[in-house]
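Chain by chain, the residues run as shown.
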Amino acid sequence: MRVSSLPSPVVLIEESRLLANLDTMAERAAAQGVRLRPHTKTHKSVDLARMQLDRGAHGITVAKVGEAEVFAASGFDDIRLAYVTLGADKWNRLLKLEKGGVRISFCVDTPEGARAVAAHYHEAGRRARVLLEIDTGYHRCGIRWDATALEDFVRELSGMDGLELIGILTHAGNAYYGPRRMSDERVGDQSAEETREEALRRVGREERDRMLDVAVRLAEAGVIPAPDGPTGTGSDFEISIGSTPSLRYFENVTRGGFRITEIRPGNYVFHDATQVGLGVAPYSACALTVRATVISKHRNPDGSERLFLDAGKKVLTSDGAFGHEGFGVLLYNERDMSPLPHHTISALSEEHGWLRVRGGSTLSVGDTVRLVPNHACVVVNTQRYLYLVEGEEVLDTWAVSAQGRVV
Ligand SMILES: Cc1ncc(COP(=O)(O)O)c(C=O)c1O
């Protein structure tokens, strides 16, 4: 089958770029001595998750219980919910998966939440395998890495009958903020910015170092086991970090015998305009594109033109991208992934992408376009299928098996 015979709009995955992305991250994990547990919320696809395991991934990450159920039903037996999972209905569903032989773990980040988990699992005669979520600077969930209450909290966790504390976990979502303005005296000029690389390195370093500091503090307080030797071998306490941008320059280090044990990137399989804007990847590493059709074209009184695509908010979503104007980047050439100049997806309605063009557009009604979306992970969740392609050839159709599993 040819790409031109697919319906429009459609989401395409370029196989060669996908494989290169998978290999790059697998090699980074191996080189840094960490286990790769990819976050499958990006692709929600059983087929793609299998490719990740085939390339050496150690289990998978999900956010929601519904996602865990989908992957478990397809034979995945080591699933970590990188998510504070709360509520008796959710724990019962996880207990069911565990009884079916799936190794499940999830996050806690408050004493009251942890106590509720412990009571529920104790009642069920089981111990929940939990990781304490640490806030290393994103300020979403997690107890702050520098909180004075940390040792007492972990002491309490370790004493709970229905819990087994297996490690700590963080998500450095602040890596998505990009370079910050330097307002300190060292720079002098208030408007000077970090480079994109400096920003990625800073957040990555903070994520890694703050997690290792937490582990060292906890071991020094005697509330988690100390690692056996100076290299940390022998310690099975898990230290789980990693987003696609914060891992861009990741290098593992040893602190007090602890090392990072696991990384959980998700977006790296596809990349998107956000990763390009942050300097994480070039367009040529973007494996996911949306193919859409120009359904209408009109000239404005000022001579500019407006064109309409058959992909709106319900395909592209309304996420913006760091360093980009508009809602996705149109490509001039999908083989070399060069962007089409002067064309901006300036607005979206539910089913229309509003394309603004200074001067005249080379595109006509009926033409198809390819674009790199701002945020690939949310685009995938709008689709029932992803099409694996190489150039103009369609190689496979993948179900988005966990589409819409947000409960
Ligand atoms: C808890 C958690 N871990 C890992 C990831 C993966 O991050 P990324 O998609 O940037 O690789 C995310 C992304 O949202 C996340 O929320």
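Rules used throughout
In this convention, every chain numbers its residues from 1, walking through the sequence in written order. Two thresholds apply to this predicted model, a pLDDT of at least 70 for residue-level local features and 80 or more for giving and counting side-chain atom pairs, whereas whole-chain, interface and lining totals are computed over all residues. Secondary structure counts use DSSP, requiring at least four H or I residues in a row for a helix and at least two E residues in a row for a strand, with both numbered from the N terminus. Every C-beta atom is placed from the backbone, and the number of other C-beta atoms within 10 Å of a residue's own sets its class: buried at 20 or more, exposed at 12 or fewer, partly exposed in between. Think of it this way: build a C-beta for each residue from its backbone, and any pair within 7 Å is a contact. Each residue receives a C-beta atom built from its backbone; the residue is near a molecule or strand if that atom lies within 6 Å of it. In this count, Pro and Cys sit with the nonpolar residues alongside Ala, Val, Leu, Ile, Met, Phe, Trp and Tyr, while Asp, Glu, Lys and Arg are called charged and the others, Gly among them, polar. Only strands joined by at least two bridges in the DSSP assignment are considered to pair. Segmentation of the chain into domains, including their bounds, is taken from an automatic or database domain assignment. By this rule the span expected of a helix is its residue count minus one, scaled by 1.5 Å. A fitted line through C-alpha atoms serves as each axis, taken over the contacting stretch for helices, and the angle formed by two N-to-C directions is quoted from 0 to 180°. The scheme is simple: roughly parallel for angles under 35 degrees, roughly antiparallel for over 145, roughly perpendicular for 65 to 115, oblique for anything else. In a left-handed crossing the near helix is turned counterclockwise from the far helix by less than a right angle, and in a right-handed crossing that turn is clockwise.

**Student:** I'd love a proper account of the overall build of the protein chain, names of residues and values included.
**Tutor:** For the protein chain, the helix and strand inventory stands at 10 helices and 19 strands. The principal-axis extents of the C-alpha atoms in the protein chain amount to approximately 70 × 60 × 35 Å. Taking all 407 residues of the protein chain together, 46% fall into the buried category. Look at the contacts in the protein chain between residues 6 or more apart in sequence, and 68% of them connect residues 24 or more apart.

**Student:** Outline the site of the ligand, supporting the account with residue identities and numerical values.
**Tutor:** The ligand sits among His-39, Thr-42, Ala-82, His-171, Ser-243, Thr-244, Arg-264, Pro-265, Gly-266, Asn-267 and Tyr-268. In terms of residue class, the shell around the ligand is built from three nonpolar, seven polar and one charged.

**Student:** How would you summarise the pairing of strand 19 (residues 393-399) if you had to cite specific residues and measurements?
**Tutor:** Working note: regular strand, side chains alternate between the two faces of the sheet. The sheet contact formed by strand 18 (residues 385-390) and strand 19 spans six bridges and is antiparallel. The residue of strand 19 that forms the bridge with Leu-386 is Trp-398. What sits between the antiparallel neighbours strand 18 and strand 19 is a turn of two residues, in which Gly-391 has the positive phi angle 60 degrees.

**Student:** Any chance you could break down the domain arrangement of the protein chain for me, citing the residues and the numbers?
**Tutor:** With domains assigned, the protein chain is organised as domain 1 (33-270) and domain 2 (274-399). Taken together, the contact pairs 19 residues of domain 1 with 17 residues of domain 2. For the side of domain 1 that touches domain 2, the elements supplying multiple residues, two or more each, are helix 2 (46-54) and helix 7 (196-220). Here the side of domain 1 that touches domain 2 takes three residues from helix 7, the largest share from any one element. Per-class residue counts for the side of domain 1 that touches domain 2 are six nonpolar, seven polar and six charged.

**Student:** Mind laying out helix 7, listing which residues take part and the relevant values?
**Tutor:** Between its first and last C-alpha, helix 7 extends 36 Å over 25 residues, near the 36 Å set by a 1.5 Å rise per residue. Residues of helix 7 that are buried include every one of Ala-199, Leu-200, Val-203, Gly-204, Glu-207, Arg-208, Met-211, Leu-212, Val-214, Ala-215 and Leu-218, and no others. Tucked inside the fold, the buried residues of helix 7 contact strand 6 (128-135), helix 6 (150-158), strand 8 (163-169), strand 9 (238-241) and helix 8 (273-278). Two residues or fewer past helix 7, Gly-222 is found with a positive phi of approximately 75 degrees.

**Student:** Before we move on, can you summarise the environment of Arg-356 with the specific residues and values?
**Tutor:** Checked against the element boundaries, Arg-356 lands in strand 16 (residues 353-357). Spatially, the C-alpha atoms of Arg-356 and Thr-344 are 5.2 Å apart, while their sequence positions differ by 12 residues.

**Student:** Outline the packing of helix 6 against helix 7, supporting the account with residue identities and numerical values.
**Tutor:** It is at 10 Å that the axes of helix 6 and helix 7 come closest, and there the two elements cross at 65 degrees. Here helix 6 lies roughly perpendicular to helix 7, going by the angle between them. Crossing hand, helix 6 versus helix 7: right-handed. Of the residues in helix 7, those touching helix 6 at Leu-150, Glu-151 and Val-154 are Val-214, Arg-217 and Leu-218. Split into classes, the residues belonging to the contact of helix 6 with helix 7 amount to four nonpolar, no polar and two charged.

**Student:** An account of the pairing of strand 15 (residues 343-348) is needed here, citing residue identities and associated values.
**Tutor:** With five bridges joining them, strand 15 and strand 16 adopt antiparallel strand pairing. What sits directly across from Ile-345, in strand 16, is Leu-355. Hairpin connection of strand 15 to strand 16: four residues between the antiparallel strands.

**Student:** Talk me through helix 3 (residues 65-73); I want residue IDs and the actual numbers.
**Tutor:** The buried count for helix 3 comes to seven of nine residues, which makes it a mostly enclosed element. Among the residues of helix 3, Val-65, Glu-67, Ala-68, Glu-69, Val-70, Phe-71 and Ala-72 are the ones counted as buried. The inward-facing, buried residues of helix 3 contact helix 2, strand 3 (60-62), strand 4 (78-84), helix 4 (88-99) and strand 5 (103-108).

**Student:** How would you sum up the environment of Leu-53? Please name residues and give values.
**Tutor:** Of note, Leu-53 is situated in helix 2. With 229 residues separating them along the chain, Leu-53 and Pro-282 place their C-alpha atoms 25 Å apart.

**Student:** Before we move on, can you summarise the packing of helix 3 against helix 4 with the specific residues and values?
**Tutor:** Between helix 3 and helix 4, the shortest axis-to-axis distance is 10 Å and the interhelical angle comes to 15 degrees. When the interaxial angle is binned, helix 3 and helix 4 end up roughly parallel. Relative to helix 4, helix 3 is oriented so that their crossing is left-handed. The residues of helix 4 that touch helix 3, namely those facing Val-65, Ala-68, Glu-69 and Ala-72, are Lys-90, Arg-93, Leu-94 and Leu-97. Tallied by class, the residues present in the contact of helix 3 with helix 4 amount to five nonpolar, no polar and three charged.

**Student:** Go over the environment of Gln-383 with me, naming the residues and quoting the values.
**Tutor:** Within the secondary structure layout, Gln-383 lies in the loop between helix 10 (376-380) and strand 18. Look at Gln-383 and you get partly exposed, because 18 C-beta atoms sit within 10 Å. For the pair Gln-383 and Gln-403, spaced 20 residues apart in the sequence, the C-alpha separation amounts to 7.2 Å. Residues within four places of Gln-383 in sequence aside, it is in contact with Val-11, Val-400 and Gln-403.

**Student:** Run through unusual backbone geometry, naming residues and quoting values.
**Tutor:** In most cases, non-glycine residues show a negative phi, while peptide bonds are predominantly trans. A cis amide bond, omega 0 degrees, links Ser-8 with the succeeding residue Pro-9. Positioned with a positive phi, His-271 is a non-glycine residue whose angle comes to about 60 degrees. Mapped onto the elements of the fold, His-271 is located in the loop between strand 10 (262-263) and helix 8. Overall, the presence of 25 C-beta atoms within 10 Å leaves His-271 in the buried class. Even without being glycine, Thr-317 reaches a positive phi, approximately 60 degrees. By secondary structure assignment, the location of Thr-317 is in the loop between helix 9 (313-316) and strand 13 (329-333). The class for Thr-317 is buried, based on 20 C-beta atoms found within 10 Å.

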